[in-house]
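So you can see what is in the structure, the chains are spelled out below.
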Amino acid sequence: MSADTVEQLLQCALSELTARFVTQANPVPTGLLEALDADPRAGAHALARRIRSRQEKNRAEGQRMRKLLRFETELWEQGHTHIAGVDEAGMAPLAGPVVAAAAVLPKGFRLKGLDDSKKILDAEKRESLAEAIKRDAVAWAVGRAEVEEIDRINIYHAGLLAMRRAVEGLSVKPDHLLVDARTVPECSVPQKGIIKGDALSLSIAAASILAKTTRDRWMAELDDQYPGYGLAAHKGYPTPQHLQALREKGVLPIHRRSFAPVREALGLPTGSPPSALQAELFPEAPSRTGVKS
């Protein structure tokens, strides 16, 4: 870019330059930073520092994205096209289903800020990322295992069941699965379990965001159905508020009766497997699987 153009930019108010090159993150013309350094105004020097800080953050984010795509990139280079990340949410709560998601991202996918859902504490940011994933993914799906299934087959296997349902719900058959910490049972697709995969694979991170936001919305709906338990706030996790509600209000149909705090509230033994009497409390019901891709 010519010096004249840089000179013209320097005639603009610093607030306008801030909006263009910091807020809107437009490309910075060659020579502008040096010109701001040479400008006698303290505000110009501060603007140059802010632009350089933004550029450094962008470079760091780009490096983070490339690192998060290393498993996917290796598979893409081997000729695989549809690589699905798979993760679950809701293993620890005392109430509600366990939810899993599968996400097939396009080759070279980038989404600034995408990370393991546990690292993103802002619910609005998680929802924004989820919408972007749904919009740009090649395919995505969610699956769930109900409370009755959790109590019947245990939470670990229920999580695997939800994962399998999510994979089966994809509109395209994946060539390969990347799964957080384990492998999906009864699945013929080649797969790789990655310990802490939601922090190491962009596809798994995308699945974790979809699983978390989907489950959170369902728990908010259950809060409307069962007011007074705080389900929208704690999402079924064993918080002091939730434990107090269990003691004072009793056990709901959506509580997991195989979990010790719920069994204690029911007056059932907490140190042994569910008894035959307990099993009678959980008649087998058809499962519901929410799927979209």
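Reading the values: rules and limits
- In this convention, every chain numbers its residues from 1, walking through the sequence in written order.
- Reporting in this predicted model follows two pLDDT cut-offs: at least 70 for local features of residues, and 80 or more for side-chain atom pairs to be given and counted; totals over whole chains, interfaces and linings ignore these cut-offs and use all residues.
- Here the side-chain values reflect all heavy atoms present in the structure, with hydrogen atoms and water set aside.
- In the sections that follow, a salt bridge refers to a side-chain nitrogen of Lys or Arg positioned within 4 Å of a carboxyl oxygen of Asp or Glu.
- Going along the chain from the N terminus, every DSSP run of H or I of four or more residues is numbered as a helix, and every run of E of two or more is numbered as a strand.
- Buried residues are those whose accessible area, probed at 1.4 Å on protein chains only, stays under 20% of the maximum for their type, while exposed residues exceed 50% and partly exposed ones sit between those limits.
- Working definition of a nonpolar core: buried Ala, Val, Leu, Ile, Met, Phe, Trp, Tyr and Cys residues. They are joined through side-chain atoms within 4.5 Å.
- Contacts are assigned to residue pairs that have any heavy atoms within 4.5 Å of one another.
- Here, axes are lines fitted to C-alpha atoms. For helices the fit covers the stretch in contact, and angles between N-to-C directions go from 0 to 180 degrees.
- When an angle is under 35 degrees it counts as roughly parallel; over 145 it counts as roughly antiparallel; between 65 and 115 it counts as roughly perpendicular; any other value is oblique.
- Charged means Asp, Glu, Lys or Arg here, nonpolar means Ala, Val, Leu, Ile, Met, Phe, Trp, Tyr, Cys or Pro, and polar covers whatever is left, Gly included.
- Should DSSP find at least two bridges between two strands, the strands are taken to pair.
- The start and end points of each domain follow an automatic or database-based domain assignment.
- Two parts placed together each lose some accessible area under a 1.4 Å probe, and the buried area is that loss summed for both.
- Whenever a nitrogen or oxygen atom comes within 3.5 Å of another N or O atom, the pair is scored as a polar contact, on the condition that within protein one atom can donate a hydrogen and the other can accept it, and that pairs from neighbouring residues in sequence are kept only if both atoms are in side chains.
- Each helix should span, by expectation, one fewer than its residue count multiplied by 1.5 Å.
- Working definition: the arc comes from the directions between the helix axis and the C-beta atoms, pointing outward to the latter.

(A) Focus on the pattern of salt bridges. Taken as a whole and assessed by the stated rule, the structure comprises 13 salt bridges. A salt bridge links Asp 216 to Arg 126, with the nearest nitrogen and oxygen atoms 3.6 Å apart. Remark: Arg 126 occurs in helix α6 (residues 123–136) and Asp 216 occurs in helix α9 (residues 202–225); sequence separation between them is 90 residues. Residue Asp 216 is classed as buried on the basis of its relative accessible area of 11%. The exposure class of Arg 126 is buried, given its relative accessible area of 10%. With a closest N to O distance of 3.0 Å, Glu 127 and Arg 217 form a salt bridge.

(B) Geometry of the nonpolar core. Residues Leu 114, Ile 133 and Leu 202 are the most contacted members of the largest nonpolar core, which totals 32 residues. With eight residues, the top contributor of residues to this core is α9. The residues touching Leu 114, leaving out its near neighbours within four places in the chain, are Arg 64, Met 65, Leu 68, Phe 109, Leu 129, Ile 133, Leu 202, Ala 205, Ala 206 and Ile 209. Core analysis: the next-biggest nonpolar cluster, separate from the first, contains 27 residues, Leu 94, Val 98, Ala 162 and Ala 166 among them.

(C) Fine view of the environment of Arg 70. Its place among the elements puts Arg 70 in helix α5 (residues 70–77). Measuring from C-alpha to C-alpha, the distance between Arg 70 and Ala 205 comes to 13 Å, with 135 residues separating the pair along the chain.

(D) Highlighting the packing of helix α2 (residues 14–23) against helix α4 (residues 42–68). It is the contact of α2 with α4, at a shortest axis distance of 10 Å, that shows an interaxial angle of 5 degrees. Compared by their axis directions, α2 and α4 come out roughly parallel. Each of Leu 14, Leu 17, Thr 18, Phe 21 and Val 22 in α2 lies in contact with α4, whose residues at this interface are Gly 43, Ala 44, Leu 47, Arg 50, Ile 51 and Arg 54. The class makeup of the residues in the contact of α2 with α4 is seven nonpolar, two polar and two charged.

(E) The sheet that holds strand β1 (residues 83–89), seen in detail. Here we have five strands laid out as an open sheet, ordered β3-β2-β1-β4-β5, and mixed in their pairing. Across the chains shown, the open sheet's two edge strands, defined by having one partner strand only, are β3 (139–145) and β5 (191–194). Neighbour-to-neighbour, the strand axes of this sheet turn through a mean angle of 20 degrees, independent of strand direction. Summarising the sheet, strand β2 (residues 98–104) and β3 pair through seven bridges and their orientation is antiparallel. When the bridges of β3 are listed, Val 98 appears paired with Ala 145. Together, β1, β4 (176–180) and β5 form the strand contacts of α5, whose direction differs from that of β4 by roughly 165 degrees. The sheet strands contacting α9 are β1, β2, β3, β4 and β5, and the helix crosses β1 at an angle near 40 degrees.

(F) Seen up close, the domain arrangement of the protein chain. Segmenting the protein chain into domains produces domain 1 (6–67) and domain 2 (80–266). The distance between the C-alpha centroids of domain 1 and domain 2 comes to 40 Å. Taken together, the contacts link six residues of domain 1 with eight residues of domain 2. Of all residues in domain 1, the largest losses of buried area upon contact with domain 2 belong to Glu 61, Arg 64 and Met 65, amounting jointly to 76% of the total for that side. Put simply, domain 1 and domain 2 have zero salt bridges between them. One can count zero residue pairs in polar contact (both at pLDDT 80 or more) joining domain 1 with domain 2.

(G) View of α9. The end-to-end C-alpha distance of α9, which contains 24 residues, comes to 35 Å, matching closely the 34 Å that a straight helix rising 1.5 Å per residue would cover. Here α9 lies mainly inside the structure; 19 of its 24 residues are buried. N-capping of α9 is provided by Ser 201, with a side-chain oxygen placed 3.3 Å from the backbone N of Ser 203.

(H) Up close: the pairing of β2. Across the seven residues that make up β2, a large majority, seven, are buried. Here β2 shows a buried face lined by Val 98, Ala 100, Ala 102 and Val 104 and a second buried face lined by Val 99, Ala 101 and Ala 103. Here β1 runs beside β2; their pairing, made up of six bridges, is antiparallel. Across the sheet, residue Asp 87 finds its bridge partner in β2, namely Ala 101.

(I) Layout of α2. Among all positions of α2, only Leu 14, Leu 17, Thr 18, Phe 21 and Val 22 are buried. An end-on view of α2 places all buried positions within 105 degrees of arc, on one side of the element. For α2, the exposed residues set more than 90 degrees away from the buried face come down to Ser 15 and Thr 23.

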